[in-house]
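Next come the chains, spelled out residue by residue.
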Amino acid sequence: MCVEVILTGYYNGCMIGPIVHLGRAASIDRALFLSLIPILTASVAVGGLGLYVKRKNFRFKSIVTYAALGISLLGIAFVTQNVIYYKYCCNPESELFGHVYYDAHPKQPEIALTYDDGPSKYKTTLRLLDLLNKNHAKATFFMIGKQADSYPSEAQEVYKQGFEVGNHTFDHAQLAVLRYATIKQEIEKTDGVFAKLGIKTNGLIRPPYGLHFIPLAIYASRHDRKIITWSLASNDWKLNDPQKIADRVISNARPGSIVLMHDTTFDFSKKRSPTLGATAIILKTLSKKGYKFVTVSQLLNDSEVKR
């Protein structure tokens, strides 16, 4: 049988990214299974071409053979890369490439609300502070360095009022695809902004999109930093209805949950922040169930299981 029948992946390499994206909401495994369809299609096509060339005894059949083999190996590399990237790097609970903190096991029913990407021109951060204070709740704000530098008074107010500030990189960079030196620059440039504003942090880093890979784990280990992801995504970035956001959090919350939210969401049609409305519902409902809202650092300190 011709070498050309080896699985080719160029076609798959072009297709697997979109396929996995479409399947992520339901199941990564299902999406990867579906990616076999273009692999098999391309295999039949290349195999058929190889057989045709062999039967015709064309002089360039060896060239076709090696070309098909090369394309196959390239495709396999694409497949492997996408499996690693989407199944592990994009998974906030994956620790394949280094230790991350995505939840805790506190003795008491505690939960950590976290807000990413702020502060911003919508002033949602300041409104959240008022709401949290009224409900005697604490939270952690993972700030983008560039945003903190652009809105320094809001950033300082978070710290002054006793809330925790974490590092969310300077430019909201995808750390999983960056080399070590660039990751170091993204994090430490943000540290510099915090230092300039008089904000002290507890060494928490939240990688944008939850993307993490080996270089980030190495950096965190060398500099005694904690990589914080989440166990519960509110999806406030795509749900404009505060009630739907709140329902998602309330129905999935458990003691030790780290909840991902954003203090930059804004519904222009209704001129409001859906995250702000959702937070009010979450605080009211979960407080009645006995939950206490704490910072990420306190949640980890109160955990019975130290990781």
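Structural notes, computed from the coordinates. Just so you know, these numbers come straight off a predicted model, no measurement behind them.

Moving on, we come to the pairing of strand 2 (residues 140–143). Residues T140 and F142 of strand 2 are buried on one face, and the alternating residues F141 and M143, pointing to the opposite face, are buried as well. Considered for its hand, the β-α-β crossover made up of strand 1 (residues 110–116), helix 5 (residues 124–134) and strand 2 is right-handed. As judged from the four bridges shared by strand 2 and strand 3 (residues 164–167), these two strands associate in the parallel manner. Among the inter-strand pairings, F142 is bridged to a residue of strand 3, identified as G166.

Attention now goes to the side chain of R225. Here R225 lies in the loop between helix 9 (214–222) and strand 5 (226–227). Accessibility expressed as a relative area gives 15% for R225, which makes it buried. Only 3.0 Å separates the side chain of R225 from the side chain of D191, close enough to count as a polar contact. The contact partners of R225, leaving out residues within four places of it in the chain, are N167, I187, D191, G203, I205, Y219 and A220.

On to the packing of aromatic side chains. Aromatic rings considered in pairs are described by the distance between their centres and by the relative angle of their planes. According to the stated counting rule, one finds four aromatic pairs in the structure shown. For the ring pair Y180 and Y219, a centre distance of 6.1 Å and an interplane angle of 55° mean the geometry is tilted. Of this pair, Y180 sits in helix 8 (residues 180–196) while Y219 sits in helix 9; the two residues are 39 residues apart in sequence, bridging distant segments of the chain. Counting every residue linked through ring pairs, the aromatic cluster contains Y115, F141 and F163.

The rules we used
- Residues numbered from 1 in each chain as written.
- Predicted model: local features only at pLDDT ≥ 70, side-chain atom pairs only at ≥ 80, totals over all residues.
- Heavy atoms only, no water.
- Buried < 20%, exposed > 50% of the residue type's maximum accessible area, 1.4 Å probe, protein only.
- Helix = DSSP H or I, 4+ residues; strand = E, 2+ residues; numbered from the N terminus.
- Right-handed = clockwise from strand over helix to strand, strands pointing away.
- Pairing = 2+ DSSP bridges.
- Polar contact = N/O pair within 3.5 Å; in protein donor to acceptor, adjacent residues only side chain to side chain.
- Contact = heavy atoms within 4.5 Å.
- Phe/Tyr/Trp six-rings, centres within 6.5 Å; stacked < 30°, edge-to-face > 60°.

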